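As a plain string of letters, each chain reads:
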Amino acid sequence: MEASAGAFSSVLLLAFGALVIAVLGAAQRLGLLSRLVHTVDTASIQHGGESVAAVLRAHGVRFLFTLVGGHISPLLVACEKLGIRVVDTRHEVTAVFAADAVARLTGTLGVAAVTAGPGLTNTVTAVKNAQIAQSPVLLLGGAAGTLLQNRGALQAIDQMSLFRPLCKFCASVQRVRDIVPTLRAAAAAAQSGTPGPVFVELPIDVLYPYFIVRKEVVPAMPPKGLMGRVVSWYLENHLANLFAGAWEPQPEGPLPLDIPQASAQQVQRCVEILSRAKRPLILLGSQALLPPIPADKLRAAVETLGVPCFLGGMARGLLGRNHPLHIRQNRSAALKKADVVLLAGIICDFRLSYGRVLSRSSKIIIVNRNRKDMLINSDIFWKPQEAVQGDVGSFMVKLVEGLEGQTWASDWAEELREADRQKEQTFREKALMPAAQHLNPVRVLQLVEETLPDNSILVVDGGDFVGTAAHLVQPRGPLRWLDPGAFGTLGVGAGFALGAKLCRPDAEVWCLFGDGAFGYSLIEFDTFVRHKIPVMALIGNDAGWTQISREQVPCLGSNVACGLAYTEGRRCEDTGRRRHLQAKERG
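Note that the structure is predicted; figures quoted are calculated from it, not measured.

Participant: Hey, could you run me through the overall build of the chain in this one?
Facilitator: The number of helices and strands found in the chain is 24 helices and 15 strands. Along the longest, intermediate and shortest principal axes, the C-alpha atoms of the chain span 100 × 90 × 50 Å. Counting over 587 residues, the chain shows a buried share of 49%. Of the contacts formed within the chain by residues at least 6 apart in sequence, a portion of 74% connects residues at least 24 apart. A total accessible area of about 28200 Å² is found for the chain, and carbon and sulfur atoms account for 57% of it. Taking the average place of the 60 positive charges on the side chains of the chain and the average place of its 51 negative ones, the gap between the two points comes to 2 Å.

This is the structure in structure tokens:
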């Protein structure tokens with residue numbers, strides 16, 4: 001009997017414990033426990049948009065790119081009040097491209113804000129481009145109210161699932177007091193490790209002030225009946241949780257960044273490999289220009305090292321124009337001849353024929369912040385002698401310190417420069433060839449090269465015309481060349497030009513467009529005019545998608561979908577006028 005009583009007591013104790021846990025869990029989910037710590041200021045007219053703007057200002061953000069929507073209006077107004085310039089574009093994708101340009105040129109966070117649903121889906125291409133180009137972009141997206149998620153609200157979709165594969169960090173803010181810590185974490189994630197885009201979803205009810213949200217959430221007339229009172233209590237409780245502790249002081253400034261560094265042992269092994277080289281070669285990519293090493297310090301390191309180098313991505317222009325160490329042509333041939341190759345922020349993707357362009361007899365050193373990218377295709381076409389995970393610019397500075405006083409025979413660099421001269425002579429000969437109609441594009445680009453001022457920034461957007469420009473037109477300094485990167489995206493031109501001119505107002509921004517690519521940017525010339533942002537556009541108009549046509553026609557025997565047209569504005573206007581008159585004549 002006593003044993004049965006003891007067992008019964010144990011069951012009661014377990015049941016009571018389970019009940020307590022369930023009650024506490026329900027209280028936690030309903031926010032009842034947090035309300036013991038945080039109070040609700042029902043009289044405040046502050047709103048969540050002000051918290052967003054405060055964090056952006058504390059992070060040194062100067063520009064916010066957007067296409068307006070009701071979901072995000074509070075944060076746009078708050079940014080304007082705090083002196084952050086709000087630049088509205090005609091398409092959301094342009095806003096993200098502009099933020100990407102700011103991130104690349106300043107080494108800081110680029111920020112875009114767009115409205116919910118289609119506003120966000122319009123940014124997908126630009127966000128993916130930023131991911132592949134490793135640009136620290138913060139995308140702020142509006143969303144339906146927290147109570148209306150998955151209930152068929154206007155423009156409401158599962159935005160988080162859409163952006164998780166594209167971004168390093170994704171978060172949906174569910175309470176006003178969470179805005180500040182979430183944005184700080186997002187900004188740090190965007191710039192730490194391998195930089196990349198991040199996404200923060202801001203439901204409409206965390207951005208607007210309490211009195212407006214209350215009016216939308218809580219019925220004006222108290223409902224009748226038990227169920228009505230339960231629903232009313234639930235809505236009141238949800239509103240209180242939403243704004244509990246909303247305006248408590250919080251730190252708004254940047255969190256420490258996590259930037260990987262090469263170990264001293266790795267640097268020393270690379271020093272030893274390079275010290276024995278006879279024909280060393282460096283390929284520098286965009287990662288070399290990332291903070292914390294400034295461009296001028298990186299340039300000094302490369303010049304001190306004295307090794308011939310090819311420059312790609314944002315590293316273009318690092319050595320200025322016509323530097324003796326900068327080799328521009330015949331990269332594949334040079335790589336085959338080199339005995340040591342340093343891939344500094346360059347990976348073995350399609351641009352290096354997946355590593356097949358590297359000689360099996362060469363010793364390969366590769367340094368990159370991202371280990372997965374660094375080793376891509378290394379199990380098939382190439383093998384690194386040393387694979388160093390760390391910041392590229394910092395590694396280069398340490399490498400120079402270890403090789404102090406090292407020199408290499410000048411005949412190797414002269415051999416590479418002679419190959420450059422021969423290739424450039426070929427271009428000069430092509431420039432002299434008469435065009436059957438219109439202009440010779442090679443000659444046009446040579447004239448661009450001769451005309452560009454020293455303070456110019458080049459934005460390139462296109463296929464055939466831009467591919468030729470990459471051989472002929474030299475950026476005048478570091479961080480003065482903007483192309484889409486490895487994703488090969490068309491349509492970056494207007495957004496990149498917008499961001500570039502705002503960052504460097506004293507620079508001349510030259511956009512080199514293909515005629516196909518220019519179609520994506522045409523509407524944004526309205527943006528340039530409205531915001532008084534002067535840029536120059538040069539369009540290589542061959543009335544077609546010629547880069548595609550050049551292979552499609554001989555391979556498949558058809559030019560279908562490759563043809564555009566030489567269209568003159570006056571002719572279109574006259575045709576429209578004639579049609580209008582003909583319609584009038586017909587009565």
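Next, the rest of the story.
Participant: Is there a simple way to think about the layout of surface pockets in this case?
Facilitator: Over the atoms, a rolled probe matching the size of one water molecule traces out where space is still vacant. The volume enclosed by the second largest pocket comes to roughly 470 Å³. What lines the second largest pocket is a set of 19 residues, among which N322, R328, E424, R428 and Q474 lie closest to the centre. No other element matches helix α17 (residues 410–432), which puts six residues into the lining of the second largest pocket. The residue makeup of the lining of the second largest pocket, split by class, is three nonpolar, seven polar and nine charged.

Participant: Please explain a nonpolar patch on the surface as it appears in this structure.
Facilitator: Together, L226, M227, V230 and V231 make up a nonpolar patch on the protein surface, roughly 410 Å² of accessible area in all. With respect to the helices and strands, L226 occurs in helix α11 (residues 225–243). Given a relative accessible area of 64%, L226 falls into the exposed group.

Participant: Looking at this structure, how should I read the packing of helix α12 (residues 264–275) against helix α16 (residues 392–402)?
Facilitator: Two quantities define a packed helix pair, namely the angle between the helix axes and the distance between the axes. Remark: α12 packs on α16, axes separated minimally by 9 Å, with the N-to-C direction vectors making an angle of 60°. As the angle between them shows, α12 and α16 are arranged oblique. Handedness of the α12/α16 crossing: right-handed. For the pair α12 and α16, the contacting residues are V267, C270, V271 and L274 in the first and F395, K398, L399 and G402 in the second. When the residues that make up the contact of α12 with α16 are grouped by side-chain class, the tally is six nonpolar, one polar and one charged.

Participant: What is the right way to read the pairing of strand β14 (residues 508–514) from this model?
Facilitator: A regular strand places its side chains so that they alternate between the two faces of the sheet. Across the seven residues that make up β14, a large majority, six, are buried. Where strand β12 (residues 456–461) meets β14, six bridges bridge the pair, whose relative direction is parallel. Counterpart to I457 in the pairing with β14 is V509. Direction of pairing for β14 relative to strand β15 (residues 536–540): parallel, over a ladder of five bridges.

Participant: What exactly am I supposed to notice about the confidence of the model for the chain here?
Facilitator: Regions with low pLDDT should not have their predicted coordinates read in detail. Here the chain averages 90 in pLDDT, and 91% of its residues register 70 or above. Contacts for the low-pLDDT stretch residues 570–578, under 50 throughout, to residues beyond four places or in other chains number two contacts. In the predicted structure, residues 580–587 sits below a pLDDT of 50 and forms zero contacts with residues beyond four places in sequence or in another chain.

Participant: Where do I start with the UniProt feature "domain: Thiamine pyrophosphate enzyme TPP-binding" (unreviewed entry) in the chain in this structure?
Facilitator: Residues annotated by UniProt as "domain: Thiamine pyrophosphate enzyme TPP-binding" (unreviewed entry) correspond here to residues 461–557. Along residues 461–557 one finds 45% helix and 15% strand; the C-alpha atoms at either end are 28 Å apart.

Participant: Can you walk me through the pattern of salt bridges in this structure?
Facilitator: Close approach of charged atoms lets side chains of opposite charge pair. This structure, assessed with the given rule, holds 19 salt bridges. The residue R351 makes a salt bridge to D349 at a minimum N-O spacing of 2.7 Å. By relative accessible area, R351 is classed as partly exposed at 42%. We classify D349 as buried; its relative accessible area is 10%. With a closest N to O distance of 2.8 Å, R530 and D526 form a salt bridge. One end of the pair, R530, and the other, D526, are both in helix α22 (residues 525–530), four residues apart, so they sit about a helical turn from each other.

Participant: Is there a simple way to think about the sheet that holds β12 in this case?
Facilitator: Within a sheet, each strand pairs with its neighbour through backbone hydrogen bonds, oriented either parallel or antiparallel. The parallel open sheet is built from four strands, whose spatial order is β13-β12-β14-β15. Since the sheet does not close on itself, it has two edges, and those belong to β13 (481–482) and β15, each with one partner. Sheet contacts for helix α19 (residues 464–472): β12, β13, β14 and β15; angle to β14, the most-contacted strand, approximately 130°. Running over the sheet, helix α20 (residues 493–503) touches β12, β13 and β14 and is turned about 175° from β14.

Participant: Looking at this structure, I do not really get the UniProt feature "domain: Thiamine pyrophosphate enzyme N-terminal TPP-binding" (unreviewed entry) in the chain. What am I missing?
Facilitator: Mapped onto the present numbering, the UniProt feature "domain: Thiamine pyrophosphate enzyme N-terminal TPP-binding" (unreviewed entry) falls at residues 47–162. Segment residues 47–162 splits into 46% helix and 18% strand. End C-alpha atoms: 27 Å apart.

Participant: Would you explain the side chain of S359 in this entry?
Facilitator: Tracing the backbone shows S359 in the loop between β9 (340–344) and β10 (363–368). Overall, S359 belongs to the buried group, its relative accessible area being 14%. Among the polar contacts listed, one links the side chain of S359 to the side chain of S361, at a separation of 2.9 Å. Other than its neighbours up to four places away in sequence, S359 contacts L335 and K336.

Participant: For this particular structure, what's the right way to read the pairing of strand β3 (residues 110–114)?
Facilitator: With five of five residues buried, β3 lies mostly within the body of the structure. Neither face of β3 is exposed, since G110, A112 and V114 on one face and V111 and A113 on the opposite face are all buried. Alignment of strand β1 (residues 63–67) against β3, held across three bridges, turns out to be parallel. If you follow L67 over to β3, its bridge partner there is V114. In terms of strand pairing, β3 meets strand β4 (residues 137–143) through five bridges, oriented parallel.

About the cut-offs
- Residues numbered from 1 in each chain as written.
- Predicted model: local features only at pLDDT ≥ 70, side-chain atom pairs only at ≥ 80, totals over all residues.
- Heavy atoms only, no water.
- Helix = DSSP H or I, 4+ residues; strand = E, 2+ residues; numbered from the N terminus.
- Buried < 20%, exposed > 50% of the residue type's maximum accessible area, 1.4 Å probe, protein only.
- Contact = heavy atoms within 4.5 Å.
- Areas by Shrake-Rupley, 256 points an atom, 1.4 Å probe, with all protein chains shown as cover.
- Lys, Arg positive; Asp, Glu negative; His and termini not counted.
- Charge placed at Lys NZ, Arg CZ, Asp CG, Glu CD.
- 1 Å grid on protein atoms, 1.4 Å probe; cavity = no way out; pocket = protein on both sides within 12 Å on 5 of 7 lines; lining within 4 Å.
- Points joined across faces, edges and corners; volume = space filled by probe spheres on them.
- Nonpolar A, V, L, I, M, F, W, Y, C, P; charged D, E, K, R; others polar.
- Patch = residues over 30% accessible without salt bridge, like charges linked within 9 Å, V, L, I, M, F, W, Y side chains within 5 Å.
- Salt bridge = Lys/Arg side-chain N within 4 Å of Asp/Glu carboxyl O.
- Axes fitted to C-alpha atoms, helices over the stretch in contact; angles between N-to-C directions.
- Parallel < 35°, antiparallel > 145°, perpendicular 65-115°, else oblique.
- Left-handed = near helix turned anticlockwise from the far one by under 90°.
- Pairing = 2+ DSSP bridges.
- pLDDT = per-residue confidence, 0-100.
- UniProt positions renumbered as here; feature names shortened; annotations may be inferred.
- Polar contact = N/O pair within 3.5 Å; in protein donor to acceptor, adjacent residues only side chain to side chain.

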